[in-house]
Each structure stands twice: as C-alpha cells, then as structure tokens.
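A closer look at the structure
The primary structure of each chain is shown beneath.
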Amino acid sequence: MNGPAVHVSHHPRVPLRAHWSMCATPPGRQDKPAPPSGQQHWTPLQTLMPVAAALRDLKQWSLDGPVMRFDAQDWWYRLEFDAPAASEGGTVQLGFDGLATLATVWLNGAPLLASTNMFVFHVCDVSERLMPAGNELLLCFHALDTALAVRRPRPRWRAPMLEHQQMRWFRTTLVGRTPGWSPPGAVVGPWKDIWLEQRHAIDLQTLSLRPQVVAGMGLVTCGLRVVALSGGNIESVRLILERGGRVHETDLQPGGAANTFTGQLQIPEVKLWWPHTHGEPALYKPALTIRVAGLAEPVVMELACLGFRTITLDRSAGNFSISVNDVPVFCRGACWTPLDPVTLRSSPQDCRAAVVQARSAGMNMLRVAGTTVYEEEHFFDACNEEGMLVWQDFMFANMDYPEDDEPFMTSVALEISQQLQRLQARACVALLCGNSEVAQQAAMWGASRDVWHSTFFADTLARLCHDVIPGTPYWPSSACGGSFPHQASAGTTSYYGVGAYLRGLDDARRSELKFATECLAFANVPSTPTLERMPGGLATRTHHAAWKARSPRDLAAGWDFDDVRDHYLALLFKTEPLKLRSTSHDRYLTLARVTTGEVMAAAFEEWRRPTSACNGALVLGLRDLWAGAGWGLVDDQGLPKPCFHYLKRVLQPLAVSISDEGINGLFVHILNEHPEDKPVELEVTAWRGGEVLIARASRSCNLPARSAQSLSCMDLFDHFLDLNHAYRFGPPPCDAVAATLKGSDGALLAQTFFFPEGLGRQPEDDVGLRAHARPHAHDSQTIELTLQTRKLAQAVHVDVPGFAADDDYFHMAPDTERTVMLRGHARQPFEGFVHALNSTRSARIEPAPTSPDQRDRPAEGNLT
C-alpha cells in the first residue's frame, strides 16, 4: 500500500517525469495500444504534466488566449524507458498517483489498467512485464465530452454552476469545468506522478495508525499487515515516536491473522497539538523498523508526523461548535484553492508559503472544498506543522450523484478508502465532510424534502469515516442541520446574507449564524500590479468584456459579484457606483477595494463578539485562480488584496472590536485566545473634525488565557457621551472612535475604529500624512517605513512598486505614528507614495533622517 506519506528505506522510488511525448486525436473508441493511423503528431514534453499545462509550457496555450476545450479530444502520452529487473524474491511496481479522468494504459502493447476516477491511485506489479530496455508505456485519456453525450437518467435537480448536468457520473474535478467560477483549463491527463519502485524487502499491505489522548496520556494504536518478499520471516516490528530528541518505542505483537502485527505505544505527559491561535502544534515523528530474516539491516519506514489532540463537535439544539482539547475554538479562515488551476498542484515550498500566509492573517482553518481536489501530502504536512485546522470535504459538490449505480459506487468506495488511509493520523484534519452543498442545491432547485436526504452521505460515508478515523468528527454536508439545509441559525451553511443576497450589514447578527463553511463572496479588486497582468492591462475597465470574463458569477444569474460589491459600495459611501466609475475610475477602484475589506471586517467582528452565536466562518476563497477581481483574499500569485489586510487585523488571537448597540451605546470587545494571560492597556479615544480630541480614557486589564470580555465604553468615562449618535440631539459629537490595545511596553497590539457617520467623508486636501523609509537593520530585502499623520487618515495605503507591505489599508488616529515593513525584490530605486482615502494629496516616501551613528553606514535595500 506504500502510499505517498510512507517512505521505505529499502524501496527506492523513481519518478518517470522525463522523455514523454503527447498527441491529440479525434475522440473515438481506442481499444488498441496506438493512436489511429495517420492521426498522431507526437510532441516532446519537458516533463510529465496534464495537457493544458504541457501546452502552456510549450507556449501553445495560455489562460489569456483563446479558450480550448481539452475534454473534446482524446489525448495520448507515450514513454520509452529502461527498467531494472526485479531482484530475487522482489517485485517492480509501476504507480500512477492520479489519472484525469477516463484513462486506458498499455505497457509493452498489452493492457495494464483502465481508470475512471481521477482521485484514485493505482499500483501495478509489472515484474513479469518489463524488459531490460525499450519498454513502452502508453496512456490514452478519452474525451470526456463524448462520454457526457451518452444518454443517462436525468438528475432530480440541476446545478447551475455546471454547463453539463451529467458531470455527476464522472469522478473528476469541477475546476476548469465551471464557467463563471474557474478558468477554462480543465485538467486532462496524468496530473500526479507516475513512478517505478523496486520492492525487494517487504510489501506493506495495510497500515492503521490511530493517535488519541486518554486521561492526559498519549496512546498510539498501530496495526499492519506486512509480507517479506525475500522468502524470510518478519522477525519483529517496532513502532518508534520521537520528539525533541526523546524517543518512545514498543514492539508490535503478531496478530491473529497471518503477517499481521498490532500494538499500542503510550506517551506519558504527552504534548498536545493545538491550532496555532490557541497553543503549540506539537508533533511527533513516527517510524517503523521491520526486521526480516536474511536481511542484515532492518527496513525503516518513515511515516508522516502525527499529533495528539481531541476534537469534539457540539451539535446540540441546532448548535455547531468545534472544540480542540476541550477548548471551544472559533474557526476562521478560507476555502483553499489549488495554487495552479492548470496542474492542480504546487511545490512543497509554495504550498507552505500559502499556509504560512493564511496563518499570518490569524486564520486557523482551511477548507478543502468538494469542488476542487484532494490536496497533496505536503499540504497536510504544512497544516500539521503550522497549526492550521483542515475542514476536509470529500470531492462531491451540488450534483445528484447516481448512488444506485454499482460501478460508480465501487469506484467511490475505493476513492474513499484511499483518502481515509492518507488522512488517518493527521492532527490538522478537524472534520470530514461528505460533500459541498448537495442537499442545499436540491432544496434550492425545488426538489421535495425526501430528495434532500442521501443515505450514502448521511449513513454509509459516516460509518466508513468512523471505522478508519474514529477521532475525527464527520458531517454530512457543508450546508446541513436546519429545517432546510442552508438555514443559517442551525448547523452549517453557505452564508451569503451579507454578500450575494444583498442583506444589510446587520444580517451578520440577525441571521443568528452558527457556522459558515463559506461566506462573504465578493469580486475583490486586486492591486495595480495584478490588474496590469489582466488582458488589456490597466486600460481594462470594470465594465469591459475582458474584466467581466473573470468576474465570478452563477451561470443562470442576471448579476455577477461585481454587482454585489457595488451594492455595498453604494451603501458604505453613499455614492452611485455607475456614475463614479464613469467619471473617476481610479477613485472607484479605491472605494471598491476598501468596500469589501470593510464589509468582511465588520462581519467577522460581529461573529467574534463574546455573546455571538457564531462559532466559525470561512471566506469563500483564499486565493484567486487567475488575475482579476475574483473571490480570493489574495491574487493568483499570492499578493494580498486590501480585504486580506482588513481580515488580518480582525482575525488575530488577540483582538479588539467595537459594536454599535443602539441606545445602549458603543461596546468594546476584547479577545485573548493565547494559552497565557495577557496584561494590556485599553484606550478609547473620540475625535471630531478629523483632529479635535473630545474624549480619552484608558484602563489596565489582565486578559485571562483563552477568554473574551465586553464592556460599555461608558464604563471608561465619567460623563455621558453619545459616541454612536444614537440619541441624535444635535450634530454627532464625534466622527471617529478608536479602541486600542497596548502592551506593557506601550507597543500597539490591536486597534479598531468606529465611524458614527460612516466612511463617506468628502476627501480633504491634506491630512498631514508623512512617510519616511530606512533599510531594515538585519534584512537587506526589507524596508522599515514610518508613517505619521496630523489628522485622521482613513484606509492608508502604501504604494511602492516591487514591494509588499505587512499591513495596509489601515486607519490612523490624529497625531499618531505607525511602522510598516515593506518586503520585496525590486531592482529599480526605491520610491513610492502613501495615500489616504480621505485625502486628495498623497505623501511621497522620503528617506528617514540619518542619525549620527548611521552617517558612515553604507545604505542597504537600494533605498534612494
């Protein structure tokens, strides 16, 4: 079974990546080990990859060019290779980690396998079929369009995101096949590795590894079936766990069946795994050493790191709350999308960087949605190590799947079995979910209530998950638990009250949301460098066809998510978006960027209130799939959008927020999710006219570990102030209120603002914004930028080509200073500006004044 998460010391695995050729032919019944005569034109490939990626690599296709339908043809791959003979008593295995989607494989002219499921991996014993030299491996990926055209029973409901409703019969990704949601680059071909492996020591046939916590002690239950290929006996199997140089080990005992071993390993005073927001994600490195009679050295099997944690799911009375190690966790984050929509893969380095970026934003959960693909091992490695919870959907979404079709369900059973084996010891996997929005789609299409229920998702899949991973909760669907599947106030839902359904911002509270598995979908406008990469560059306006081609939408809807954003832009800024973009497109883009950030931040501040009913919310998209105004919080290359920075401030474990409680006044909410107490000073200030201080009060607090508290702003003042202008006796007493948390050293820890009259202030000529930059003392690629403002500065944006700020689009109170770090690799001289939403004048970034001890120090970071 040696899957991707298992490395066996005696079994070298050789990826077959080079020397492939590819060709396309018209669709047809290809039952012979060669393309139709006269129709093949073989193209050499630099490395093995899916069709669209290969053509992109050859500069014959790109997402920016004409649409090409990869599902319309048969695609062939050919490789000639030499192979070593199997050792005495050993075997040679040929592995296929992922074939998309309808594939036939021949080896040396004879059929080897047929696959109809891109989520299944195959391992074939080819010991008797290989030649020392001149082997030919041939793969045909049959046209999916041809298979879709075959008449089959109609679904009981439609999925509007799909062009072809019979996709429900095929186990393949929806990425690239959902116009309006994803780029037109359907993955066809070998999308994961093909490899050869010599096995001359052992054959590990099954492995079960179950960590759990019992009365404060770690307990690992291990069971396996292993066969010695050399003809000798398995003399012993030892399970080893190591952390920080401390080793725990035990010998497994022979089981009741032949070649099986079982046992338990106890870890006293075990270090628990926590999401990073609540503690340390402690991990242990497991390994198996297997001694085989006749082998001088033991076989060492290195396994993926495991952690000890207890995850419980509270579903009582319509609730949905996840606890880790008996501590309730507010789960926040985003739906993960493949970093490359054309290959659906990433390098370990790029994947980890994306997870680290999400962690830096205060996120503690990523959802792998059923519309995408099962992620690779390095994704789970990164989440394990970075303390990132994973909500794992199985790859089913929206459609009416043929649960009564035996071949389909046999393929699904194998898929589920393989995926559960991969995930069984992953501490980061917090929940297994049957599907994405299947029952919701049935209900919203008008299907009767009895159709909403699926025995497979409600019962069968639940039992399979419990049998293999009993310590991880299972949930039938991403939208589930209420009197109708997507009821916000019970169970889980796709929440778009604030968003696509154009409800007011107060719906975040009125809906009594319990848990949003996806939410807050807007066409988030990216920064200028991203817009430059769109077709037409900066000349492309938001109403242009090239822009609209990349604006997310449902196929059957008469609106798109640009329209959703514009609705809230009009609400926040009391202006007409159509008129604004017609007369001042740049100003329109600025307000559009700020709008989605402000709306997202407001929703999460509401959901994180100590008395809120909400226990978690995941934004629909972490990352865009191509350059444009997509759902992502970052663009397709990982560059943060303004909304990312807004969320980064409100999602941190230590946070402060303000809520308008009407005639009860303003309340301040303070959260400390850290495992230790935090001494802080809370300061509340109120300003009028952008610069006149009308009130200031502070209080020292000791925030207990993993706690939250709320207090009325009036508790801090010795006289009444109508800070939210609820009583409306005369003009508003102030136009800005700030709540700030400072550390014992005076350092800024968290800050939030409330604007009684909203953000729609008329920009003034100059708010007194100043910016000075100096090279970082210890990092030549980082610039330290100090910002100062004389008056209130809203949505301050740092604009330096080639550099990205660690914070952006933040508000600054009058007469305050803030330091921002800029990191980049710009080769041009460092220059840029700082802008404020409420100022028509921008501040040029100047070099910081040179102190006496710096005058003789050479400049770093190319700062001019």
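Cut-offs applied
- One numbering rule holds for all chains: residues counted from 1, following each sequence as written.
- Restriction of local features to residues with pLDDT of at least 70 applies here, the model being predicted, together with a cutoff of 80 or more for giving and counting side-chain atom pairs; totals for whole chains, interfaces and linings are based on all residues.
- With hydrogens and water excluded, all non-hydrogen atoms of the structure serve as input to the side-chain values.
- A run of H or I in DSSP becomes a helix once it reaches four residues, and a run of E becomes a strand once it reaches two; helices and strands are each numbered from the N terminus.
- Both definitions apply: the radius of gyration is a C-alpha atom measure, and the globule rule equals 2.2 Å times residues to the power 0.38.
- Only protein chains enter the area calculation, which uses a 1.4 Å probe; residues under 20% of their type maximum are buried, those over 50% are exposed, and those in between are partly exposed.
- We call two residues contacting when some pair of their heavy atoms lies within 4.5 Å.
- Surface accessibility in these figures is a Shrake-Rupley result with a 1.4 Å probe; residues are shielded only by whichever protein chains are displayed.
- Only four residue types enter the charge count: Lys and Arg as positive, Asp and Glu as negative, with His and the chain ends excluded.
- Just so you know, the charge point we use is NZ for Lys, CZ for Arg, CG for Asp and CD for Glu.
- For two strands to be treated as a pair, DSSP must find at least two bridges joining them.
- Put simply, a nonpolar core is a bunch of buried Ala, Val, Leu, Ile, Met, Phe, Trp, Tyr and Cys residues held in one set by side-chain atoms that sit within 4.5 Å of each other.
- What pLDDT expresses is the predictor's confidence in each residue, scored from 0 to 100.
- Patch definition: residues with relative accessible area over 30% and no salt bridge; like charges joined within 9 Å; nonpolar side chains (Val, Leu, Ile, Met, Phe, Trp, Tyr) joined within 5 Å.
- A pairing counts as a salt bridge when a side-chain nitrogen of Lys or Arg comes within 4 Å of a carboxyl oxygen of Asp or Glu.
- Any pair of Phe, Tyr and Trp rings, taking the six-membered ring for Trp, is counted once the centres come within 6.5 Å. Such a pair is stacked with planes under 30 degrees apart, edge-to-face with planes over 60 apart, and tilted for the rest.
- The path from the first strand over the helix to the second decides the hand: if it runs clockwise while the strands point away from the viewer, the crossover is right-handed.
- A helix is expected to span 1.5 Å multiplied by its residue count minus one.
- Side-chain atoms alone can form a polar contact between residues adjacent in sequence; in general such a contact is a pair of N or O atoms within 3.5 Å, and within protein one must be able to donate a hydrogen while the other accepts it.
- Lines fitted to C-alpha atoms define the axes, with helix axes restricted to the stretch in contact, and inter-axis angles between N-to-C directions lie between 0 and 180 degrees.
- An angle counts as roughly parallel when it lies under 35 degrees, as roughly antiparallel when it exceeds 145, as roughly perpendicular when it falls between 65 and 115, and as oblique in every other case.
- Basically, the charged four are Asp, Glu, Lys and Arg, the nonpolar ten are Ala, Val, Leu, Ile, Met, Phe, Trp, Tyr, Cys and Pro, and anything else, Gly included, counts as polar.

Topic: the overall build of the protein
The secondary structure content of the protein amounts to 15 helices and 48 strands. Scaling as 2.2 N^0.38, a compact globule of 864 residues should have a C-alpha radius of gyration of about 29 Å, and the protein matches this with 29 Å. Taken along its principal axes, the extent of the C-alpha atoms in the protein is 90 × 70 × 65 Å. In the protein, which comprises 864 residues, the share counted as buried stands at 58%. Here the contacts in the protein between residues at least 6 apart in sequence split such that 69% fall between residues at least 24 apart. With the model as given, the accessible surface of the protein reaches about 34,600 Å², and the carbon-plus-sulfur share is 51%. Side-chain charges of the protein comprise 78 positive and 94 negative groups, with the mean position of each set lying 3 Å from the other.

Focus on the sheet that holds strand β8 (residues 103–107)
If you trace the six strands from one edge of the open sheet to the other, you get β4-β3-β5-β11-β8-β9, paired in antiparallel fashion. Here the strands that pair on one side only, and so sit at the sheet edges, are β4 (43–44) and β9 (110–115). Both β8 and strand β11 (residues 135–141) contribute to a ladder of five bridges, which runs antiparallel. Of the residues in β11, the one forming a bridge with Leu-107 is Leu-137.

Here's the deal with the environment of Val-329
Following the sequence through the fold, Val-329 ends up in the loop between β23 (327–328) and β24 (331–336). Judged by its relative accessible area of 2%, Val-329 is buried.

With respect to the nonpolar core
Ranked by size, the top nonpolar core spans 153 residues in total, and within it Phe-379, Phe-394, Phe-604 and Trp-607 carry the most contacts. The element that contributes the greatest number of residues to this core is helix α14 (residues 585–607), accounting for 11 residues. Those residues in contact with Phe-379, other than ones at most four positions away along the chain, are Trp-336, Cys-351, Val-355, Leu-366, Val-368 and Val-390. By size, the runner-up hydrophobic cluster in this structure holds 39 residues, among which are Leu-48, Ala-52, Tyr-77 and Val-342.

Observations concerning the environment of Ala-739
On the secondary structure map, Ala-739 appears in strand β39 (residues 736–742). For Ala-739, a relative accessible area of 0% gives the class buried. Expressed as a C-alpha distance, the spacing of Ala-739 and Trp-191, which sit 548 residues apart in the sequence, is 50 Å. If sequence neighbours within four positions are ignored, Ala-739 has contacts with Val-656, Ile-658, Val-668, Leu-682, Glu-683, Val-684, Ala-750, Gln-751 and Thr-752.

Observations concerning the confidence of the model for the protein
Confidence in the prediction of the protein, expressed as mean pLDDT, is 94, and 96% of residues score 70 or more. Counted against residues more than four places away or in other chains, residues 854–862, with its pLDDT under 50, gives 14 contacts.

What about a nonpolar patch on the surface?
The grouping of Ile-663, Phe-720, Tyr-727 and Phe-729 at the surface amounts to a nonpolar patch, some 530 Å² of accessible area in total. With respect to the secondary-structure elements, Tyr-727 resides in the loop between β38 (707–712) and β39. Here Tyr-727 falls in the partly exposed class, since its relative accessible area comes to 38%.

With respect to the packing of aromatic side chains
Counted by the stated rule, this structure contains 28 aromatic pairs. Ring geometry for Phe-320 versus Phe-515: centroids 5.1 Å apart, planes at 65°, classification edge-to-face. Separated by 195 residues along the polypeptide, Phe-320 in the loop between β21 (311–314) and β22 (321–324) and Phe-515 in the loop between α9 (507–510) and β30 (516–519) bring together distant segments of the chain. A relative accessible area of 0% means that Phe-320 is categorised as buried. Taking relative accessible area as the criterion, Phe-515 reaches 0% and is therefore assigned buried. Ring geometry for Phe-522 and Tyr-568: centres 5.8 Å apart, planes at 90°, overall edge-to-face. In this pair, Phe-522 is assigned in the loop between β30 and α10 (528–532) and Tyr-568 in helix α12 (residues 561–573), connecting sequence segments 46 residues apart. Across this residue pair, the class does not change: Phe-522 and Tyr-568 are buried. Through pairs of rings, three or more aromatic residues link up here, namely Phe-396, Tyr-401, Phe-408, Phe-456 and Phe-457.

Looking at the pairing of strand β26 (residues 389–393)
When you tally the buried positions in β26, you get five out of five residues, the bulk of the element. Going residue by residue along β26, you find Leu-389, Trp-391 and Asp-393 tucked away on one face and Val-390 and Gln-392 tucked away on the opposite face as well. In this structure, strand β25 (residues 365–368) lies alongside β26, joined through four bridges in parallel fashion. Each residue of the ladder has a partner; that of Arg-367, found in β26, is Trp-391. Note that the unit made of β25, helix α4 (residues 377–386) and β26 has a crossover that is right-handed.

Things to note about helix α5 (residues 406–423)
Taking 1.5 Å as the rise per residue, α5 with 18 residues should run 26 Å; its terminal C-alpha atoms sit 26 Å apart, in good agreement. Within the sequence span of α5, burial applies to Phe-408, Met-409, Ser-411, Val-412, Glu-415, Ile-416, Gln-418, Gln-419, Leu-420, Arg-422 and Leu-423. Sitting at the amino-terminal end of α5 is Asp-405, which places a side-chain oxygen 3.0 Å from the backbone nitrogen of Phe-408.

Re the packing of α12 against α14
Axis separation between α12 and α14 bottoms out at 9 Å; the angle between their running directions is 90°. Classified by the angle between their axes, α12 and α14 sit roughly perpendicular to one another. Counted together, Arg-565, Asp-566, Tyr-568, Leu-569, Leu-572 and Phe-573 of α12 and Tyr-588, Leu-591, Ala-592, Val-594, Thr-595, Thr-596, Glu-598 and Val-599 of α14 form the full contact between these two elements. Here the contact of α12 with α14 is composed, by residue class, of nine nonpolar, two polar and three charged.

A short note on unusual backbone geometry
A cis amide bond links Ala-100 to the next residue, Thr-101, at an omega of 0°. Assignment of secondary structure puts Thr-101 in the loop between β7 (99–100) and β8. Positive phi, close to 55°, is recorded for Asn-325, a residue that is not glycine. A residue is classified by how much of its surface remains accessible, and Asn-325, at 10% relative accessible area, is buried.

Remarks on the sheet that holds β25
Across the sheet, eight strands lie side by side as β28-β27-β26-β25-β24-β31-β30-β29; this open sheet has parallel pairing. Each edge of the open sheet carries a strand with a single partner, namely β28 (474–475) and β29 (493–495). Note that β26 and strand β27 (residues 429–433) share four bridges and pair parallel. Looking at the pairing, Val-390 lines up with Val-429 of β27. The strands that α4 touches are β24, β25, β26 and β27; relative to β26, the one it contacts most, it runs at about 145°.

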